[in-house]
Amino acid sequence: MSQVVRRPIVAANWKMHKVRAEAREFCRTVVGELGAPPAEVVVFPSFPLLDVVADGLAGMPVAIGGQDLHPEPSGPHTGDVAGMQLADAGCTWVLCGHSERRSEHGESDELVGRKALAAVASELTPLICLGEQLEERRAGRTFEVLGRQLEAALAGGPQRFELAYEPVWAIGTGETATPEVAQEAHAFLRAELGRRVGDEGAASTRILYGGSVKPGNAAALIAQRDVDGFLVGGAALDARSFLAIIGACGAS
Ligand code: PEP
């Protein structure tokens, strides 16, 4: 596979946390301390905070994204959000298939693929989340699950996307995959990408790791050959801890 330099991405997934004043405070710290980051930086706030974060980080090298979108471009879908509404709010990214959407909202692999296409149709980059449950790992089915999720996510041939490998057993649990375990899964995903989108596409796709990333474990993870950044939940609620994780991407 050809050697390309992949600029890391560090993304904050705020899930259903923060109110406007807290979001503003986070932005103030980032504006004061981010400098020239060694990574692309993205913040995924909940929908009511998008405007606060867009305003608070205006002019900064930070993109914003939605945590989900509906697969249809518009229509009678109460409580849902369309890709074009996210783009209109200043988003350039959207999460697709986060494990909490899969488990709490019954999102199927097939639906995640439709959402990825809807994202691209609205000029958003889908960050497609994949990952196995603990029982699946224990049963030796990790690669089978990742292969199935990837195939469905890319079935419609989205023209652009990036991936986040998030083992479900590591999300919000404090238990992080070891660098070796993460590397093994990332290498598998890159090889699978090669079969689906070709070597060049596979070599340039960023595969982020997510699952209890903290300032203290980020450097060892980013040092792995196929780990191209992070999707961070809990540790990205605090601006300084998020900044420290971004900083770890410049140390390797
Ligand atoms: C996530 O929400 O995608 C995530 C990885 O959360 P945490 O960092 O809290 O495990």
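The notes below deal with the structure included here. (Residues numbered from 1 in each chain as written. Predicted model: local features only at pLDDT ≥ 70, side-chain atom pairs only at ≥ 80, totals over all residues. Heavy atoms only, no water.)

### Section: the overall build of the chain
And then number 1: A tally of helices and strands in the chain yields 10 helices and 8 strands.
And then number 2: Computed over its C-alpha atoms, the radius of gyration of the chain comes to 17 Å, within 12% of the 18 Å expected for a compact globule of 252 residues.
And then number 3: For the chain, the C-alpha atoms occupy an extent of roughly 45 × 45 × 35 Å along the three principal directions.
And then number 4: Here the chain has roughly 11000 Å² of accessible surface; of this, 51% comes from carbon and sulfur atoms.
And then number 5: The centroid of the 23 positive side-chain charges in the chain is displaced by 2 Å from the centroid of its 32 negative side-chain charges. (Helix = DSSP H or I, 4+ residues; strand = E, 2+ residues; numbered from the N terminus. Rg over C-alpha atoms; globule rule 2.2 N^0.38 Å. Areas by Shrake-Rupley, 256 points an atom, 1.4 Å probe, with all protein chains shown as cover. Lys, Arg positive; Asp, Glu negative; His and termini not counted. Charge placed at Lys NZ, Arg CZ, Asp CG, Glu CD.)

### Notes on unusual backbone geometry
And then number 1: Despite not being glycine, Lys 15 shows a phi value in the positive range, around 50 degrees.
And then number 2: Within the secondary structure layout, Lys 15 lies in the loop between β1 (9-13) and α1 (20-33).
And then number 3: Owing to a relative accessible area of 19%, Lys 15 belongs among the buried residues under this scheme.
And then number 4: Backbone geometry places Ser 212, a non-glycine residue, at a positive phi of 55 degrees. (Buried < 20%, exposed > 50% of the residue type's maximum accessible area, 1.4 Å probe, protein only.)

### Considerations on the layout of surface pockets
A probe as big as a water molecule, rolled over the atoms, marks out the empty space that is left.
And then number 1: Volume-wise, the largest pocket comes out at about 450 Å³.
And then number 2: Of all the elements, helix α4 (residues 99-104) adds the most residues to the lining of the largest pocket, at 3 residues. (1 Å grid on protein atoms, 1.4 Å probe; cavity = no way out; pocket = protein on both sides within 12 Å on 5 of 7 lines; lining within 4 Å. Points joined across faces, edges and corners; volume = space filled by probe spheres on them.)

### Focus on helix α9 (residues 215-222)
And then number 1: Buried within α9 are the following residues: Asn 217, Ala 218, Leu 221 and Ile 222. For α9, the angular spread of buried residues about the axis comes to 130 degrees, placing them on one side. (Arc of directions from axis to C-beta.)

### A look at the pattern of salt bridges
And then number 1: Applying the stated criterion across every chain yields a total of 22 salt bridges.
And then number 2: Among the ionic pairs, Asp 228 bridges to Arg 6, the shortest N-O distance being 2.9 Å. One end of the pair, Asp 228, is in the loop between α9 and β8 (229-232); the other, Arg 6, is in the segment before β1, with 222 residues separating them in the sequence.
And then number 3: Residue class for Asp 228 comes out buried when judged on its relative accessible area of 4%. (Salt bridge = Lys/Arg side-chain N within 4 Å of Asp/Glu carboxyl O.)

### Details of the site of the ligand
And then number 1: Around the ligand lies a shell of 14 residues, among which Lys 15, Glu 166, Gly 172, Ser 212 and Gly 233 are the nearest.
And then number 2: Gly 234 places a main-chain nitrogen or oxygen 2.8 Å from an oxygen atom of the ligand.
And then number 3: Residue composition of the shell around the ligand, by class: 4 nonpolar, 8 polar and 2 charged. (Near = heavy atom within 4 Å. Polar contact = N/O pair within 3.5 Å; in protein donor to acceptor, adjacent residues only side chain to side chain. Nonpolar A, V, L, I, M, F, W, Y, C, P; charged D, E, K, R; others polar.)

### Regarding the pairing of β1
Each regular strand shows side chains that alternate between the opposite faces of the sheet.
And then number 1: Extensive coverage of β1 is indicated by the burial of 5 of its 5 residues.
And then number 2: Here β1 pairs with strand β2 (residues 40-44) via 5 bridges, running parallel. Note that in β2 the partner of Ala 11 across the bridge is Val 42.
And then number 3: With respect to chirality, the unit in which β1 leads through α1 into the neighbouring parallel β2 is right-handed.
And then number 4: In this sheet, β8 lies alongside β1 in parallel orientation, the contact comprising 4 bridges. From the neighbouring strand, Ala 12 faces β8, where its bridge partner is Val 232. (Pairing = 2+ DSSP bridges. Right-handed = clockwise from strand over helix to strand, strands pointing away.)

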